[in-house]
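Tertiary structure, described
This is what each chain is made of:
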Amino acid sequence: MLAQVAIVPSAPILVPELSGPDAAEVIGVRAAALAAGESLGAVADRWVAIGADGPNRRFSSYGVDVPVTLRAGGDDEPSPLTMLIAAWLRGETAPAASIRPLVVDPSWTPLEAASAGLDLAASINDYPIPVGVLVVADGATALTPSAPGGGDRASAHELQRRIDDAIASADLEALAALDPAACEVDGVGGRVALQVLAALARGHEMTSELRYADAPLGVGYTVATWTLR
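Model, not experiment: these values are computed from the prediction.

Our focus in this paragraph is the overall build of the protein chain. When helices and strands are tallied, the protein chain shows 8 helices and 6 strands. Mapped from its N terminus to its C terminus, the protein chain presents α and β elements in the order β-α-α-β-α-β-α-β-α-α-α-α-β-β. By the compact-globule yardstick of 17 Å for 229 residues, the protein chain fits well, its C-alpha radius of gyration being 16 Å. On the principal axes, the C-alpha backbone points of the protein chain span a range of 50 × 40 × 30 Å. The buried share of the protein chain, reckoned over its 229 residues, is 50%. In the protein chain, the share of contacts with a sequence separation of at least 24, taken over all contacts with a separation of at least 6, comes to 70%. In the structure as shown, the protein chain presents an accessible area of about 9,600 Å², 53% of it carried by carbon and sulfur atoms. The centroid of the 14 positive side-chain charges in the protein chain is displaced by 3 Å from the centroid of its 28 negative side-chain charges.

Spelled out as structure tokens, the structure:
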């Protein structure tokens, strides 16, 4: 059964060893992500983490060797960044939890994402104990002049506003309707994961707690908790 959903960014800066514990620009998003992880861990010790595929790496590739695992006693295995973040959050907030990774292809169409979400919903609904879902998804990458996506673009701001509003209101239709071409132009790496979530949560009445929505490094970082009404 679905217990709760947490949405966090796939940002290495969440990890203090990588950004520095006193990096002022990331204190807010890190605190929000940790709070979301703690909330998820309080209601479920079985998690499914949904995130985009990418090169298999360890955190050492981002500057510091920070071992992380998807389950207590597991191995520190190379993984896509989204799963590294999921494993780090588990270790920091719910060390007794275990994570089943669902790594999605960032090129999937909305229909392919919806199919994966419906399949996951069926497996979660059949599970006899509460399951938490952790969605690891970044937003637009062109939200400040120095942003990695090529500067500050009005289209990116508008797209990020729609994503933030949809997450803040648990608007499944708005997430399902995200346009792949527009998301690719403005660097929304989390589109597919959010559309998997939209299908997964279909049929559930969800209340959203928006914990953070900003772009401290020019990338849209959104943190939220969705709870069943």
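Here we come to the packing of aromatic side chains. Two aromatic rings, taken as a pair, are described by how far apart their centres are and by the angle between their planes. In this structure the tally under the stated criterion is 1 aromatic pair. Relative to Tyr62, the ring of Phe59 has its centre 6.4 Å away and its plane inclined at 65°; by these criteria the two rings are edge-to-face.

This part takes up the pairing of strand 1 (residues 2-8). Of all 7 residues in strand 1, 7 are buried; the element is thus mostly enclosed. With 6 bridges joining them, strand 1 and strand 4 (residues 131-136) adopt parallel strand pairing. Counted as the bridge partner of Ile7 is Val135 from strand 4. Pairing analysis gives 4 bridges linking strand 1 to strand 6 (residues 221-228), with the strands arranged antiparallel. Each bridged residue has a counterpart across the sheet, and for Val5 the counterpart in strand 6 is Trp226.

This brings us to the sheet that holds strand 4. Spatial ordering of the open sheet is given by 3-2-4-1-6-5, a layout of 6 strands whose pairing is mixed. On the outer flanks of this sheet lie strand 3 (98-104) and strand 5 (206-214), each paired with one strand and no other. If you compare each strand with its neighbour and ignore which way they point, the axes differ by 15° on average. The sheet contact formed by strand 5 and strand 6 spans 8 bridges and is antiparallel. Paired with Ser208 across the bridge in strand 6 is Trp226.

Right, let's get into unusual backbone geometry. A positive phi angle, close to 50°, is found at Ala170, a residue other than glycine. Residue Ala170 is classed as buried on the basis of its relative accessible area, which comes to 13%.

Basis of the calculations
- Chains are numbered independently. Their residues run from 1 in the order of the written sequence.
- Local features are withheld for residues below a pLDDT of 70 in this predicted model, meaning they are given only at 70 or higher, and side-chain atom pairs are given and counted only at 80 or more; totals for whole chains, interfaces and linings count all residues.
- Neither water nor hydrogens contribute to the side-chain values; these are computed over all heavy atoms in the structure.
- Secondary structure counts use DSSP, requiring at least four H or I residues in a row for a helix and at least two E residues in a row for a strand, with both numbered from the N terminus.
- The reference for a compact globule is 2.2 Å times residues^0.38; the radius of gyration itself is calculated from the C-alpha atoms.
- For the exposure calls, accessible area comes from a 1.4 Å probe over protein chains only, and a residue counts as buried if that area is under 20% of its type's maximum, exposed if over 50%, partly exposed in between.
- The contact rule is simple, with two residues in contact once any of their heavy atoms fall within 4.5 Å.
- Here the open area of atoms and residues is found with the Shrake-Rupley method and a 1.4 Å probe, where only the protein chains shown may cover a residue.
- As used throughout, the charge tally considers Lys and Arg to be positive and Asp and Glu to be negative, leaving His and the chain termini uncounted.
- Working definition for charges: the position is that of NZ of Lys, CZ of Arg, CG of Asp or CD of Glu.
- Pairing of aromatic side chains requires ring centres within 6.5 Å, counting the rings of Phe and Tyr and the six-membered ring of Trp. Pairs whose planes differ by under 30 degrees are stacked, by over 60 edge-to-face, and all others tilted.
- Whether two strands pair depends on DSSP finding at least two bridges between them.
- An axis is simply a line fitted to the C-alpha atoms; with a helix, the fit covers only the stretch in contact. Between two such axes, the angle follows the N-to-C directions and lies from 0 to 180 degrees.

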